[in-house]
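Structure assessment
Chain by chain, the residues run as shown.
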Amino acid sequence: MALARRNPQPENRDTVRINSSIRITPIRVVSETGEQLGVISTEDALERARDVGLDLVEVAPNERPPVCRIMDYGKYKYDKNKKTNRNQSHTKTKEIRLRPKTGDEDIRTKIRRAEKFLKHKDKVQVSVLFRGREMAHIEEGRKVMEQVIELLDEVGKVETSPQQHGRRMICMIAPR
């Protein structure tokens, strides 16, 4: 039994045709200044693009005749990539670790650090760690967690409510 072969070319390759890849003639051409040059042959358009030291780029392949533009293809590709990357966020998860017996001033110091993280659009995971006999007094850890959530309420919102995972209580806070 024969196995089906995969296409050797990657599926997400750049589909924009440039210079000699443009096979259709005639084409509608727009100059580097944005001026309409009209419908001319592909060879004439390529020659004009080479004269000004730029590329002939197919910008609307589905039109009849296809629309091509004389431009710097490297710059076009860079700007296009920059636009897609601009919408991506850089959220990271930072962790603040506390204990049930952590003092008030130490908690305020940790909260100031968490506020900086939230202002930089990072998520904050608040962890209350229990050791030894502290497991018998989980309510003390819950009080610390509630205090932290209350103090961070104006800069962040609770994404996941406090949950017990073995010897640690975890809560995720996202920036507002």
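Look a little higher up for the structure.
Residues numbered from 1 in each chain as written. Predicted model: local features only at pLDDT ≥ 70, side-chain atom pairs only at ≥ 80, totals over all residues. Heavy atoms only, no water.

**Some thoughts on the sheet that holds strand S2 (residues 36-40)**
- With respect to topology, four strands assemble into an open sheet ordered S2-S1-S4-S3, the strand pairing being mixed. The open sheet is flanked by S2 and strand S3 (55-60), the only strands paired with a single partner. Ignoring strand direction, the axes of neighbouring strands in this sheet form an average angle of 30°.
- Sheet analysis places strand S1 (residues 27-30) next to S2, joined by four bridges and oriented antiparallel. Each bridged residue has a counterpart across the sheet, and for Ile 27 the counterpart in S2 is Ile 40.
- Together, S1, S2, S3 and strand S4 (67-71) form the strand contacts of helix H1 (residues 42-51), whose direction differs from that of S3 by roughly 125°. (Pairing = 2+ DSSP bridges. Helix = DSSP H or I, 4+ residues; strand = E, 2+ residues; numbered from the N terminus. Axes fitted to C-alpha atoms, helices over the stretch in contact; angles between N-to-C directions. Contact = heavy atoms within 4.5 Å.)

**Regarding the pairing of strand S6 (residues 123-129)**
- The element S6 is largely enclosed, with a buried count of six among its seven residues.
- Sheet analysis places strand S5 (residues 93-98) next to S6, joined by six bridges and oriented parallel. Of the residues in S6, the one forming a bridge with Lys 94 is Val 124.
- A crossover connection joins S5 to the parallel S6 through helix H3 (residues 104-119); in handedness this β-α-β unit is right-handed.
- Here S6 runs beside strand S8 (residues 168-175); their pairing, made up of six bridges, is antiparallel. (Buried < 20%, exposed > 50% of the residue type's maximum accessible area, 1.4 Å probe, protein only. Right-handed = clockwise from strand over helix to strand, strands pointing away.)

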